[in-house]
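Residue-level structural notes
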Amino acid sequence: MNDVEKFEIEEKLNQDFIFEFVELRHKLGLTQAQMANKSNVLRDKIAKIEAGIYPPNIKSLFKILGPIGYTIKIEKIDNKK
């Protein structure tokens with residue numbers, strides 16, 4: 001696998017994560033402010049994650065997702081998509 005292919009895979013995974021993050025918030029009927037309040041983080045951080053400006057670290061994700069009843073997991077990449 002060359003560098004371009006690696007970059008494309010990484011970008012696709014990042015886009016998929018952002019989509020799922022926003023989708024979860026919408027599914028729960030939360031605004032960015034409500035999600036931030038429940039998680040005790042700044043709304044600006046939620047907005048930057050959703051805009052792809054701020055790549056959250058694992059601790060940040062646990063801090064955001066835990067209080068709303070979610071977590072992250074390791075999952076095999078399905079390259080058939």
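Residues numbered from 1 in each chain as written. Predicted model: local features only at pLDDT ≥ 70, side-chain atom pairs only at ≥ 80, totals over all residues. Heavy atoms only, no water.

It is worth spelling out the side chain of Q32 at this point. One can find Q32 in helix 2 (residues 32-39). Assessed through its relative accessible area of 19%, Q32 is described here as buried. Residue contacts for Q32: discarding those within four places in its chain leaves R25, R43, I46, A47 and E50. (Helix = DSSP H or I, 4+ residues; strand = E, 2+ residues; numbered from the N terminus. Buried < 20%, exposed > 50% of the residue type's maximum accessible area, 1.4 Å probe, protein only. Contact = heavy atoms within 4.5 Å.)

With that settled, the discussion passes to the pattern of salt bridges. Close approach of charged atoms lets side chains of opposite charge pair. Counted by the stated rule, this structure contains four salt bridges. A salt bridge links E50 to R25; the shortest N-O distance between them is 2.6 Å. Of this pair, E50 sits in helix 3 (residues 43-51) while R25 sits in helix 1 (residues 3-27); the two residues are 25 residues apart in sequence, bridging distant segments of the chain. With a relative accessible area of 14%, E50 lands in the buried category. On the basis of relative accessible area, R25 is assigned to the buried category, the value being 8%. (Salt bridge = Lys/Arg side-chain N within 4 Å of Asp/Glu carboxyl O.)

Moving on, we get to helix 3. All of the buried residues in helix 3 are I46, A47, I49 and E50. Here the buried residues of helix 3 occupy an arc of 160 degrees about the axis, which is enough to place them on one side. Where helix 3 is buried, its residues touch helix 1, helix 2 and helix 4 (58-65). (Arc of directions from axis to C-beta.)

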